[in-house]
Amino acid sequence: FYNVDEAIAKRPELGTSRFRLQGNVIAGSVRDRGDRMTFDLKYHGAVVSVVHTGDVPDLFQPKIPVVLEGAFDGATYRSDRMLLRHDSTYDEQHRSRTRQAERDARS
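Residues numbered from 1 in each chain as written. Predicted model: local features only at pLDDT ≥ 70, side-chain atom pairs only at ≥ 80, totals over all residues. Heavy atoms only, no water.

1. Describing the side chain of Thr-38
Here is step 1: With respect to the helices and strands, Thr-38 occurs in strand β4 (residues 37–43).
Here is step 2: Apart from the residues lying within four places of it in its own chain, the contact partners of Thr-38 are Ser-29, Val-30, Arg-31, Arg-33, Val-50 and Val-51. (Helix = DSSP H or I, 4+ residues; strand = E, 2+ residues; numbered from the N terminus. Contact = heavy atoms within 4.5 Å.)

This is how it looks when you write it as structure tokens:
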């Protein structure tokens, strides 16, 4: 489980291994391409481009924290599973991450 800034810093180590990536969807970056969705994800000022295939939760929208499962493909993160942060259990377990994600969403 890595925030966007951590994953970018560790990209050479991570290679093409699968991992979970967390960040905020940047407003204006979401493009629905039919069989896939592209968007940019931000955390602590770092940004990564995402190509997501698979189900997208109904509550998905810009400026919300998401957790993706996938791997880097060059500079792009390709995901096939998306989870949304929406319950108090996640907030309690990841308090510092959710606070930073909320700050990023406001910027």
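2. What about the nonpolar core?
Here is step 1: Counting residues in hydrophobic clusters, the biggest one holds 21 residues, and the most contacted among them are Leu-21, Phe-39, Leu-41, Val-48, Val-66, Leu-68 and Tyr-77.
Here is step 2: Broken down by secondary-structure element, the contributors of at least two residues to this core are α1 (4–9), β2 (19–25), β4, β5 (46–52), β6 (65–73) and β7 (76–84).
Here is step 3: Ranked by residues supplied to this core, first place goes to β4 with 4 residues.
Here is step 4: Ignoring sequence-local partners within four residues, the contact set of Val-66 consists of Leu-21, Gln-22, Gly-23, Val-25, Leu-41, Phe-60, Met-82, Leu-83 and Leu-84. (Core = buried A, V, L, I, M, F, W, Y, C linked by side-chain atoms within 4.5 Å. Buried < 20%, exposed > 50% of the residue type's maximum accessible area, 1.4 Å probe, protein only.)

3. With respect to the environment of Ile-8
Here is step 1: Relative to the elements of secondary structure, Ile-8 occurs in helix α1.
Here is step 2: A residue is classified by how much of its surface remains accessible, and Ile-8, at 26% relative accessible area, is partly exposed.
Here is step 3: Along the sequence, Ile-8 and Val-47 sit 39 residues apart, while their C-alpha atoms lie 8.5 Å from each other.
Here is step 4: Not counting the four nearest positions on each side in its chain, Ile-8 is found in contact with Ala-46, Val-47, Val-48 and Phe-72.

4. Comments concerning the confidence of the model for the protein
Here is step 1: With 80% of its residues at a pLDDT of 70 or more, the protein has an overall mean of 88.
Here is step 2: When pLDDT is averaged over each element of the protein, β5 comes out on top at 98 and helix α3 (residues 88–93) at the bottom at 56. (pLDDT = per-residue confidence, 0-100.)

5. Focus on the pairing of β4
Here is step 1: Summarising burial for β4: 6 of the 7 residues are buried, a large majority.
Here is step 2: Taken together, the 2 bridges between β2 and β4 define a ladder with antiparallel strand orientation. Within β4, the residue paired with Val-25 across the bridge is Leu-41.
Here is step 3: Relative to β4, strand β3 (residues 31–32) is paired through 2 bridges, and the arrangement is antiparallel. When the sheet's bridge partners are listed, Asp-32 is paired in β4 with Met-37.
Here is step 4: Between β3 and β4, which follow one another and run antiparallel, lie 4 residues, and Gly-34 among them has a positive phi close to 85 degrees.
Here is step 5: Hairpin connection from β4 to β5: 2 residues lie between these consecutive antiparallel strands, with His-44 at a positive phi of about 55 degrees. (Pairing = 2+ DSSP bridges.)

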